[in-house]
Structures are given as structure tokens and as C-alpha cells.
Amino acid sequence: MKNIVITGGAGFIGSHVVRLFVNKYPDYRIINLDKLTYAGNLANLKDIEDKPNYKFVKMDICDFEAFYQLMQEEHIDGIIHLAAESHVDRSIKDPFTFARTNVMGTLSLLQAAKLYWESLPEGYEGKRFYHISTDEVYGSLELNDELFTEQTPYSPHSPYSASKASSDHFVRAFHDTYGMPTIVTNCSNNYGPYQFPEKLIPLFINNIRHRKPLPVYGKGENVRDWLYVEDHARAIDLIFHKGKVAETYNIGGFNEWKNIDLIKVMIKTVDRILGNAEGHSLDLITYVTDRPGHDARYAIDSTKLQRELGWEPSLQFEEGIEKTVRWYLDNEAWLDNVTSGDYQRYYDEMYTGR
Ligand code: NAD
Ligand code: DAU
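Residues numbered from 1 in each chain as written. Chains lettered and ligands numbered in written order. Predicted model: local features only at pLDDT ≥ 70, side-chain atom pairs only at ≥ 80, totals over all residues. Heavy atoms only, no water.

1. Section: the site of ligand 2
Part 1 of the reasoning: Neighbouring residues of ligand 2: 24 residues in total, closest Thr134, Asp135, Tyr160, Arg291 and His294.
Part 2 of the reasoning: Between ligand 2 and Tyr217 there is a distance of 2.9 Å, counted from an oxygen atom to a backbone nitrogen or oxygen.
Part 3 of the reasoning: Alone, ligand 2 offers 690 Å² of accessible surface; in the complex the protein occludes 94% of this.
Part 4 of the reasoning: Elements with a minimum of two residues in the shell around ligand 2: helix H6 (200-209) and strand E8 (214-217).
Part 5 of the reasoning: Residues of the shell around ligand 2, tallied by class, amount to 10 nonpolar, 8 polar and 6 charged. (Near = heavy atom within 4 Å. Polar contact = N/O pair within 3.5 Å; in protein donor to acceptor, adjacent residues only side chain to side chain. Areas by Shrake-Rupley, 256 points an atom, 1.4 Å probe, with all protein chains shown as cover. Helix = DSSP H or I, 4+ residues; strand = E, 2+ residues; numbered from the N terminus. Nonpolar A, V, L, I, M, F, W, Y, C, P; charged D, E, K, R; others polar.)

2. Some remarks on the sheet that holds strand E4 (residues 78-81)
Part 1 of the reasoning: If you walk across this open sheet you meet the 7 strands as E3-E2-E1-E4-E5-E6-E10, and the pairing is parallel. Each edge of the open sheet is held by one strand with a lone partner, namely strand E3 (54-58) and strand E10 (248-251). Adjacent strand axes in the sheet meet at a mean angle of 20°, parallel and antiparallel pairs treated alike.
Part 2 of the reasoning: The pairing of strand E1 (residues 3-7) with E4 spans 4 bridges and is classified as parallel. Looking at E4, one finds that Ile6 is bridged to Ile80.
Part 3 of the reasoning: Packing of helix H2 (residues 64-74) onto the sheet brings it into contact with E1, strand E2 (29-34), E3 and E4, and relative to E2 it is tilted by some 170°.
Part 4 of the reasoning: Contacts from helix H7 (residues 229-242) reach E1, E4, strand E5 (128-134), strand E6 (182-187) and E10 within the one sheet, and its direction differs from that of E5 by about 145°. (Pairing = 2+ DSSP bridges. Axes fitted to C-alpha atoms, helices over the stretch in contact; angles between N-to-C directions. Contact = heavy atoms within 4.5 Å.)

3. Digging into H2
Structural remark: α-helix, 3.6 residues per turn; residues separated by three or four positions point the same way.
Part 1 of the reasoning: Every buried residue of H2 is listed here: Phe67, Leu70, Met71 and Glu74. Buried residues in H2, looked at end-on, bunch into an arc of 100°, giving them a common side. Opposite the buried face of H2, by more than 90 degrees, sit the exposed residues Glu65 and Glu73. (Buried < 20%, exposed > 50% of the residue type's maximum accessible area, 1.4 Å probe, protein only. Arc of directions from axis to C-beta.)

4. Focus: the sheet that holds strand E9 (residues 223-228)
Part 1 of the reasoning: As summarised here, the arrangement of the 3 strands in space is E7-E9-E11, forming an open sheet in which the pairing is mixed. Unpaired on one side and paired on the other, strand E7 (189-191) and strand E11 (256-258) mark the two borders of the sheet. The sheet shows a mean angle of 50° between the axes of neighbouring strands, direction not considered.
Part 2 of the reasoning: Of the strand pairs in this sheet, E7 and E9 are connected by 3 bridges, and their pairing is parallel.

5. Overview of the packing of H2 against helix H4 (residues 95-118)
Part 1 of the reasoning: Closest axis-to-axis distance for the H2/H4 pair is 9 Å, and the angle between their directions is 40°. As the angle between them shows, H2 and H4 are arranged oblique. Regarding H2 and H4, the two cross each other, and that crossing is right-handed. Along the contact surface, H2 presents Phe64, Phe67, Tyr68, Met71 and Gln72, while H4 presents Ser108, Leu109, Gln111, Ala112, Ala113, Leu115, Tyr116 and Trp117.
Part 2 of the reasoning: Residues belonging to the contact of H2 with H4 are distributed by class as follows: 10 nonpolar, 3 polar and no charged. (Parallel < 35°, antiparallel > 145°, perpendicular 65-115°, else oblique. Left-handed = near helix turned anticlockwise from the far one by under 90°.)

6. Observations regarding the site of ligand 1
Part 1 of the reasoning: Taken together, 29 residues lie near ligand 1, and Ile13, Asp34, Ser86, Tyr160 and Lys164 sit nearest.
Part 2 of the reasoning: A distance of 3.0 Å is found between an oxygen atom of ligand 1 and a backbone nitrogen or oxygen belonging to Thr37.
Part 3 of the reasoning: The separation between a nitrogen atom of ligand 1 and a polar side-chain atom of Asp60 is 2.9 Å.
Part 4 of the reasoning: Within the complex, the protein chains bury 97% of what would otherwise be the 830 Å² of accessible surface of ligand 1.
Part 5 of the reasoning: For the shell around ligand 1, the secondary-structure elements that each account for two or more residues are helix H1 (12-24), E5, helix H5 (159-178) and E7.
Part 6 of the reasoning: Ranked by the residues each element gives to the shell around ligand 1, the list is headed by E5, at 3 residues.
Part 7 of the reasoning: Grouping the amino acids of the shell around ligand 1 by side-chain chemistry returns 13 nonpolar, 11 polar and 5 charged.

7. Looking at the pairing of E4
Part 1 of the reasoning: Neither face of E4 is open: one carries Gly78 and Ile80, the other Ile79 and His81, and all of them are buried.
Part 2 of the reasoning: By the bridge criterion, 4 bridges tie E4 to E5 in an arrangement that is parallel. Within E5, the position partnered with Gly78 by the bridge is Arg128.

8. Here we look at the packing of aromatic side chains
The way to describe two aromatic rings as a pair is by their centre distance and the angle between their planes.
Part 1 of the reasoning: Using the criterion set out here, one finds 22 aromatic pairs in the structure.
Part 2 of the reasoning: Seen from their ring centres, Phe98 and Tyr160 are 6.3 Å apart, and the 85° between their planes marks the pair as edge-to-face. Here the residue Phe98 occupies a position in helix H4, and Tyr160 occupies one in helix H5, the gap between them amounting to 62 residues. In this pair, the class of Phe98 matches that of Tyr160, namely buried.
Part 3 of the reasoning: With a centroid separation of 6.0 Å and 75° between ring planes, the pair formed by Tyr194 and Trp334 is classed as edge-to-face. Of the two residues, Tyr194 is situated in the loop between E7 and H6 and Trp334 in helix H11 (residues 332-340); the sequence distance between them amounts to 140 residues. For the pair Tyr194 and Trp334, a shared accessibility class is recorded, and that class is buried.
Part 4 of the reasoning: These aromatic residues form a ring-pair network of at least three members: Tyr191, Trp226, Tyr228, Trp257 and Phe317.
Part 5 of the reasoning: One cation-aromatic arrangement involves Arg90 over Tyr38; the distance from NZ or CZ to the ring centre is 3.4 Å. (Phe/Tyr/Trp six-rings, centres within 6.5 Å; stacked < 30°, edge-to-face > 60°. Lys NZ or Arg CZ within 6 Å of the ring centre and 35° of its normal.)

Note that all results are geometric; they support no functional claim without further evidence.
Here it is in C-alpha cells:
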């Protein structure tokens, strides 16, 4: 596979995947396709934007005609699909946008890929449609429940997870109905550099830095399973190349944290790095009204991926959180740009000369 589209490559996880592929595969042509919504930030990719095997295309994944044309012009053999509306709180306020992008956008990519690949003499030979999904489609666990496996039935609760579940079903349907070589992976919560500061970890690091309140939903007892984003990107690379068609792989690092415990680790780390006394920022913790339908616990069993493809997370959580906190504190300009909205001018300046 040589010509690869990565959708959502200007977002958090997508930018790590684009960087990995552009640096690791100089003979591939990597096309980063992104609409640049509020969550898309080309400044995330400054270090690789001049590489000869990289191209950025500003496009909405719902634009079927444009994507079909791109498939033909660029002779696309592989699609790694990350573009999505990804924030649960936004989905509660505006579910339509989530259905449009996550469901209709995914269907639009699938249909364009089907028409293009079926028109080629070799058909689906050597082609791949890899869809990046979430553990949230499995629903919510109680504290004593077994972890999510690939056999866990889907039971989404939020509009976000309902839209991702629907898109996962469409991807599998295109394999089962038309024989398209598809793969789906379901990953746990990612953390690391370049995450939009509306999500728990970057939001709280930024708030501690500015001595702003830390809004803990409910009692802070919900549990999430955290994976360093570069470990997710490495898993995506491995699965894209070595994963079996029509299979599902769960991705996670067996790393569950109660929100309030994680928040205390972040406070301790930021205070230490900033030279504050231990416990200095604990007073910022502010318990607020819970997220509606807040899933109690996610915990993912990635044994299949470890056993069949030999993947394992490279970072211990303590190391990952230290690295992450330091990255946000060392990249205050990035955080300030994103929180002020200035980052959205980057595309115009870099790509249109305006
Ligand atoms: P993100 O919100 O940081 O980035 C999403 C990207 O998609 C942005 O660059 C945005 O501009 C782009 N996009 C949105 N709508 C688009 C459209 N209509 N057309 C083209 N581009 C569009 O998201 P993320 O956290 O990097 O997540 C990436 C993918 O991974 C998503 O599919 C998400 O469901 C999945 N996922 C995320 C996590 C996580 O913890 N963040 C965990 C598991 C799975
Ligand atoms: O599990 C994978 C999912 O993880 C991905 O599919 C989603 O795209 C990603 O956004 C993430 O969803 P969460 O809802 O788990 O992430 P978030 O960072 O929004 O919240 C993490 C936990 O922290 C959750 O229990 C809600 C809580 N929280 C979040 C915010 C933003 C707070 O207590 N306060 C906050 O201000």
C-alpha cells in the first residue's frame, strides 16, 4: 500500500498517526484529509509539513463527490479513518453534528471507496479501510465487571458513542455485504501532547497553570482506562499492516484510574514542576453537576492484540503523565493559541497565503 488517506490527521490522535507514518514510510504518500473543525489544528504537524511524502487536503468527509474524486486522482489504496466529532459533552448539546460527521461521513467514505476500488481491475486486492473507534461503544461497566473484550455486545449511552457504534456497524456491513477489506479497532482514553484542552487532562493542566477551578463531574468516582497517544499510534501502524481483515482489535494499556485519583496525580505533578508546595493546587478541585448519562467505568482487555500481533504499551502511566504535563507546560504558546482561537489562522497563513 503506497497511497494512504488519513482522515482527521489535524486532530489529536490523527496528528500522531500522520507524523508516525510520514517519518516511518518515506516511500508512502500520506494524505491528511481534514475539515479543520474547531478540533483540527495544522500547527500540530509543523515539524513534518514540508516532507515530500506528505500532503494536506482540506475536505469534509461528508463530501462524497470530492472524496471519490480524490480516491481516483491519488490512486488511494488505504484509508485510516479517524475524523470524527469526539467530545462527549458536545454530543449531549448537539447530537445532529455527531450523526452527520460520524455516521454519514463514515458512510460517505465507505461508499466512495467501494465505487473506486470496485472499478479497478484488481478490485479490493491490496486495499484496506481501517476505522478507528472507541471503547465507549461497549457501554459502561460496574466496578466488579470483567473488562470489555471484542465479544462484549454494543451498548452505547451518549450521542457520541451511539454515533461511533453506528459507524462501526456500517464499516462491518461493507465487509460482510461487499467484501471490502475492513478493520475496526476500539481504543480506551488517550492522553498526551496536542489534545484539545476541552478534554479532562489538558483542560486540568491548563486550569492548574492559571489557578482556575477544576470542574470534577459528580463525585469524581468514574473510572477511565488511559493510554499514551503514541502507543495508540504504534498500534494503528501495526494493525494497518498486520491486522486480519474483518477483525476487531481492542486497544488499551490495562491502566484504570478513578477520575479524582488521576486529578490528584496531575495536581501533584504540575505543582512539583512549577515549584509550588505539595498540595498547593488542591483547593482548585470543584465538584460540579454530573455529566448526563455519565458512564461509570471503561476498562479494556487488549489481550488479543498483545497475543496475536505482539503489541504492548511502551510507557508506564507515571512516566506518561510526567511527559504529558511537561509537554503542556513547555508548550504554553500552543495552549494559549488553542484556547484563544488563534490556531485557526494557521491554515490561511500556511496554505492560502492570506
Ligand atoms: P479530535 O477531536 O482531536 O480530532 C478530530 C479531527 O477530525 C479534527 O482534526 C477535525 O478537524 C476532524 N474532523 C471533524 N469532523 C470532520 C469532517 N466532517 N470532515 C473531515 N474532518 C473532520 O479527535 P481525537 O481525540 O483525535 O479522536 C480521533 C478518533 O479516534 C475519533 O474517531 C475518535 O472517536 C477516536 N477515539 C478517540 C479516543 C480519545 O481518547 N481521544 C479514544 C478512542 C477512539
Ligand atoms: O474512552 C474513549 C473516549 O475517551 C473517546 O472515545 C472520546 O473521544 C474521548 O473524548 C474520551 O471520552 P471521555 O468522556 O472519557 O473523556 P473526557 O476527557 O471528556 O472525560 C474523562 C473523564 O473525566 C470522564 O469521566 C468525564 C470527566 N470529566 C471531564 C471533563 C472534561 C470531568 O470530571 N470534568 C471535566 O471537565
